[in-house]
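Observations on the model geometry
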Amino acid sequence: MDGNEVLSLALVKMATSPVRADRDAISRIERECQADILKITTSLDNSRIIAQALNSHEQGKGLKILAAGLFWSGVIGIATMFVRPSYVWCGVSLGFVSGIASKVKS
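Predicted model only: the values in this text are computed from it and were never measured. (Residues numbered from 1 in each chain as written. Predicted model: local features only at pLDDT ≥ 70, side-chain atom pairs only at ≥ 80, totals over all residues. Heavy atoms only, no water.)

Here we look at the overall build of the protein chain
Broken down by element type, the protein chain carries four helices and zero strands. Starting at the N terminus and ending at the C terminus, the protein chain contains elements arranged as α-α-α-α. Here the protein chain holds 106 residues, and the buried ones make up 19% of them. Taking the contacts inside the protein chain whose residues are at least 6 apart along the sequence as the reference set, 48% of them involve residues at least 24 apart. (Helix = DSSP H or I, 4+ residues; strand = E, 2+ residues; numbered from the N terminus. Buried < 20%, exposed > 50% of the residue type's maximum accessible area, 1.4 Å probe, protein only. Contact = heavy atoms within 4.5 Å.)

In structure tokens form, the structure reads like this:
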């Protein structure tokens, strides 16, 4: 369980608790947020889902950067091979760096 799930579970337990102090605390939270406890816990769940989506998006970004570098190193390496065969490795290196730079920039 992550922090949002624990907080949501605690808020639900407090909202259904027979203890008056718990109900008072939930009432204060609802007044402060200007929303009922159901909307607050739903908002916490939605923020957890958004955070997970952003994390999964960031994990694939490194692979895309590497793929762009390899693609451009191949393209520029082949082009260099026809123009100046002795500078192929220089062209491959420049293509790799420029491909990575283009993906990092965007």
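Digging into a nonpolar patch on the surface
The grouping of I78, M81, F82 and V83 at the surface amounts to a nonpolar patch, some 470 Å² of accessible area in total. Looking at where V83 falls in the secondary structure, it is placed in helix α3 (residues 37-83). (Patch = residues over 30% accessible without salt bridge, like charges linked within 9 Å, V, L, I, M, F, W, Y side chains within 5 Å. Areas by Shrake-Rupley, 256 points an atom, 1.4 Å probe, with all protein chains shown as cover. Salt bridge = Lys/Arg side-chain N within 4 Å of Asp/Glu carboxyl O.)

Digging into the packing of aromatic side chains
Applying the stated criterion to the full structure yields one aromatic pair. Between F71 and W72, the ring centres sit 5.1 Å apart and the planes meet at 75 degrees, which makes this aromatic pair edge-to-face. (Phe/Tyr/Trp six-rings, centres within 6.5 Å; stacked < 30°, edge-to-face > 60°.)

Considering the confidence of the model for the protein chain
Overall, the predicted model of the protein chain reaches an average pLDDT of 78, with 83% of residues at or above 70. When pLDDT is averaged over each element of the protein chain, helix α4 (residues 88-105) comes out on top at 86 and helix α1 (residues 3-15) at the bottom at 71. (pLDDT = per-residue confidence, 0-100.)

Points about the side chain of T80
Among the secondary structure elements, T80 is positioned in helix α3. In this structure T80 comes out as buried when scored by relative accessible area, which is 15%. Those residues in contact with T80 that lie beyond four places of it in its chain are P85, Y87, V88 and G91.

As for the nonpolar core
Among the nonpolar cores identified, the biggest contains five residues, and these are L11, I26, I37, I40 and L44. The element that contributes the greatest number of residues to this core is α3, accounting for three residues. Not counting residues within four places of it along the chain, the set of residues in contact with L11 comprises I26, I29, I37, I40, T41 and L44. (Core = buried A, V, L, I, M, F, W, Y, C linked by side-chain atoms within 4.5 Å.)

Details of α4
Between the first and last C-alpha of α4 there are 25 Å, a value that for 18 residues agrees with the 26 Å anticipated at 1.5 Å per step. Inspection of α4 places V88, G91, G95 and G99 among the buried residues, and these make up the whole buried set. When α4 is viewed along its axis, its buried side chains cluster within an angular range of 65 degrees and face the same direction. Facing away from the buried side of α4 by more than 90 degrees, the exposed set consists of W89, L94, V97, V104 and K105. (Expected span 1.5 Å × (residues − 1). Arc of directions from axis to C-beta.)

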